[in-house]
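Fold and geometry: a report
The chain contents come next:
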Amino acid sequence: MNILKSVSDLFAATASNLYDTMTSHSGNAGFKIPDYQRSYDWSEEKVRRLLEDCFNGFYYLSSNQSETPFTFLGTIILVAENSSEPNFDGASLLVFDGQQRLTTLSLLSCALIEILIENNSDLSDVEGDLKTWLTAELDFQREVLYQCVIGQLLGRGSTHPFPRIVRDGDERARSTRDSEYRSHIAKALMNFSRYYSEERDKFDIDFLKNQVDGDRMLKNYNYIKDQLRKFLYSGSSEDSDLECEPLSNSDFKKASVRQLFDKDKVITNDSARERMIAQLSSNDHTSGIFRCILFSSYLTKAVVLTRVETDDENAAFDIFDALNTTGEPLTALETFKPKVIQYENSLEGYRGSESEAQFDRIARYLDKIYPSSEEKQKETKEILVSSALYQNGYKLPFDLSSQRNYLRLKFEAISDNQGSRLKRRFVASIADVAEYRFKYWKKEQIGSLSSVHSTAVADTLMLCCSFISNMNTSLSIPIIARYWSQYNKDGNEAEFLEVVKALTSFIILRRSVTGNTGGIDSELRKLMQKEPSVGGKPLCAGLENENALLSSADFKSELRSYLAKNSKINVKGKNDWIAKAQFMPLASYSRPLCRMILLAASHQSLPVTGEEGLLSKQRTRKTEELNFLNYRYWISEKYSTVEHVAPDSESGSGWDSDIYRRPYTKNTVGNLVLLPQKENSSVGNSSWRKKRIFYSALTAKTQDSLETAFAQAKKEGISFRKKTEELLKEGDRLHLLDHIGSVSSWTEETIKRRTENLLELAWDELSEWLDY
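Now for a description of the structure that goes with this document.

Here is what the cut-offs are and how they apply
Residues numbered from 1 in each chain as written. Predicted model: local features only at pLDDT ≥ 70, side-chain atom pairs only at ≥ 80, totals over all residues. Heavy atoms only, no water. Helix = DSSP H or I, 4+ residues; strand = E, 2+ residues; numbered from the N terminus. Buried < 20%, exposed > 50% of the residue type's maximum accessible area, 1.4 Å probe, protein only. Contact = heavy atoms within 4.5 Å. Areas by Shrake-Rupley, 256 points an atom, 1.4 Å probe, with all protein chains shown as cover. Lys, Arg positive; Asp, Glu negative; His and termini not counted. Charge placed at Lys NZ, Arg CZ, Asp CG, Glu CD. Expected span 1.5 Å × (residues − 1). 1 Å grid on protein atoms, 1.4 Å probe; cavity = no way out; pocket = protein on both sides within 12 Å on 5 of 7 lines; lining within 4 Å. Points joined across faces, edges and corners; volume = space filled by probe spheres on them. Phe/Tyr/Trp six-rings, centres within 6.5 Å; stacked < 30°, edge-to-face > 60°. Pairing = 2+ DSSP bridges. Axes fitted to C-alpha atoms, helices over the stretch in contact; angles between N-to-C directions. Polar contact = N/O pair within 3.5 Å; in protein donor to acceptor, adjacent residues only side chain to side chain.

Before going further, it helps to examine the overall build of the protein chain. For the protein chain, the helix and strand inventory stands at 29 helices and 13 strands. With respect to the principal axes defined by its C-alpha atoms, the protein chain has extents near 100 × 70 × 65 Å. Counting over 772 residues, the protein chain shows a buried share of 56%. Long-range contacts, defined here as pairs at least 24 residues apart, represent 72% of the contacts in the protein chain between residues at least 6 apart. About 33400 Å² of surface is accessible on the protein chain, with carbon and sulfur atoms providing 46% of the total. Placing the 100 positive and 110 negative side-chain charges of the protein chain at their respective mean positions leaves the two points 4 Å apart.

Next up on the list: helix H10 (residues 284–302). Along an α-helix, residues three or four apart share an orientation, since each turn contains 3.6 residues. For H10, spanning 19 residues, the distance from its first C-alpha to its last is 26 Å, which sits close to the expected 27 Å at 1.5 Å a residue. With respect to burial, H10 is a largely interior element, 16 of its 19 residues being buried.

On to the layout of surface pockets. To locate leftover empty space, one rolls a probe as large as a water molecule over the atoms. The computed volume of the second largest pocket comes to approximately 1100 Å³. Around the second largest pocket, the lining is made up of 35 residues, and of these Glu238, Ser522, Arg525, Lys526 and Gln529 lie nearest the centre. Elements supplying a minimum of two residues to the lining of the second largest pocket: helix H21 (520–529) and helix H22 (552–565). Top contributing element to the lining of the second largest pocket by residue count: H21, with seven residues.

In this section: the packing of aromatic side chains. The full count for this structure, using the stated rule, is 43 aromatic pairs. Aromatic side chains Phe203 and Tyr221 sit 5.5 Å apart centroid to centroid with 75 degrees between the ring planes, which places their arrangement in the edge-to-face category. One end of the pair, Phe203, is in the loop between helix H6 (184–197) and helix H7 (215–233); the other, Tyr221, is in helix H7, and 18 residues separate them in sequence. Take Phe203 and Tyr221: they sit in the same class, and that class is buried. Both rings, one in Trp577 and one in Trp763, keep their centres 5.8 Å apart while their planes meet at 35 degrees; by these two values the pair is tilted. On the criterion of sequence distance, the pair formed by Trp577 in helix H23 (residues 574–581) and Trp763 in helix H29 (residues 748–766) is long-range, its members being 186 residues apart. Taken individually, Trp577 and Trp763 each receive the classification buried, so the pair is uniform in this respect. Following the ring pairs from residue to residue traces out a cluster consisting of Tyr59, Tyr60, Phe336, Tyr343, Phe359, Tyr394, Tyr406, Phe411 and Phe426.

Note on sheets: strands pair through backbone hydrogen bonds, and any given pair is parallel or antiparallel. Strand order across the open sheet formed by six strands is S1-S8-S3-S4-S2-S7, with mixed pairing between neighbours. On the outer flanks of this sheet lie strand S1 (11–17) and strand S7 (165–167), each paired with one strand and no other. Pairwise comparison of adjacent strand axes, ignoring direction, gives a mean angle of 35 degrees for this sheet. Against the sheet, helix H3 (residues 44–60) engages strand S3 (71–80) and strand S8 (303–310), with an angle of about 125 degrees to S3.

Secondary-structure assignment places His603 in the loop between helix H24 (591–602) and strand S10 (606–607). Of the residues examined, His603 reaches a relative accessible area of 10% and is grouped as buried. Here the side chain of His603 touches Asn627 through a polar contact of 3.5 Å, side chain to side chain. If we ignore the near neighbours within four places in the chain, the residues touching His603 are Lys617, Leu626, Asn627, Phe628, Leu629 and Glu765.

What follows is the structure, given as structure tokens:
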């Protein structure tokens, strides 16, 4: 007896679009999530990624004239079972893997139907054949989407709806009497069925609120609907947080987009059809709902899942394990390289070509530095996101499919009217970004710039690059990389440094009045995409025509205008900045930002005689001891941590209660100092009297005064770490804190005056980098 099944008997794998997946088994597919599967818990981030995948495929439709670019959303594993739903005549399919995607796609389908119903009135002013066509398209797409989430069983001479997705414990049947729905997903889909079929005013989904495993579903549904409104219906990416580009009105006319039309044949006259499409392309009033109709068609036709079905649950486990142990897929660059090789071979050959040299350069800063496939994949994606902005100001998402499409389509779109120069420049720009990221962004590599740049430039350049990297302002990469590429051509090191300093100053001044990022990424991206107010081209390189870079003076002018003209920032000068920054709890937002402000304020400053805790740069002779604004101090352990003077929480150790009256006071720069790692822990919540002794030990100028401070500290019960005592006894005192020990009492007024003082001094230092 043959005990081995044939492979075809063990399982079947089918790649099909969303509609065919959800309506498989002759339209009677019903998916059931077993008890052992976790509840629906996809984070907003994962939902965002799925939306970006779908929207990017939809956008690339307009770039592809020959075929529909599909969006592949991976594999779902199903186990056929026919015993657990005795009154269900459909095909009961146990969802072994893929419930999160299937549920999210169902929520997306419901949200799309809601958007189409809510905006149906957009067609009220449309007349004639155009209205006939659009109404037919709208009704058809709504029904197709509906079938993806609700099936129909025939019973007693009529059809009875059933939710496509249920969980164990739910009972689907051909009648209301025999069906029972207990799970959140089943209840939500049945409520949606009533909303749709009975034309109710509202889809009732609020019952999920405050439910243990229903709140996430509700939040994700509202998030999806919000993104559909902001991104898809409005046709703009400005208010949406999705990393993708919208389909424009002009794209409606393209042949590839027309593949999504299903009912345009109701207009039998070809010339009339062309007029209708042209009318749609120029009609902003109907563009939103028409874009939603088109995306609905794309979602059901071109979003693809690989469906693996088996009737053997053990086999399902084996299939699942196999699909999840195959390793990282090829990076977008690895799939792009053959395209470049093919192109070079059509000319004089890839070997010895400029493109080969560029890929070798990429390998030096990618393949050899990131040996694991997972790390290399992540770094490649980061490089390509920056490269797309560098090349043409494009907002490239992080997903692999979109990045592969971008490289292929943009490379193919570059015309050959200038020979191979432009295509090779496209490859070279990726190599430039890869090298820049490695040398000027990677924290462990920035210190080696001292061997690359002149002494006059290196220290400030390393300080600025390290700060920007610590702030994780990755949108700076394509901007500075553009000027770095120019520096490599003309050798103008001073101009390059001016740009880096200007951008550093901009980040500091802007973040210190918003605390969080506050839209800074959008402004940095705008620099690459939009023509500057001072005239000239955007900072992106351009694909067909190379854009000339702004001079450092014009670049600074543009950054100053961003600070002045943004209504949320509105910083035209020193007084504006101090007035806003003095109330910002910066310690709760960004420690690197606080460090830079404190170092800039202390740079070449001395304590003011008779003014406790204040500093001044006036009449100070420049000395190396007061040179705090440098890379050496930035990376040293000596001033590596930002610590609160008055504790972060009211400790009851005699501190001024007014410090805690307002939530921001304790976190403003006036209540902060820089100390070695963890050295403040021994007196963190102690009184100011004890802390003052602690600071006097840290700043002692002679061995006798140090011993006196140690003795007094010991008397007060303050213990120093052995490493700190060794540091202090070797004479490496913390002279940045010299002005702190003069303060007799630490009050709200002390913090307020010190905040204003430090901000004023920091502005005087940093504003020069922006030519204020």
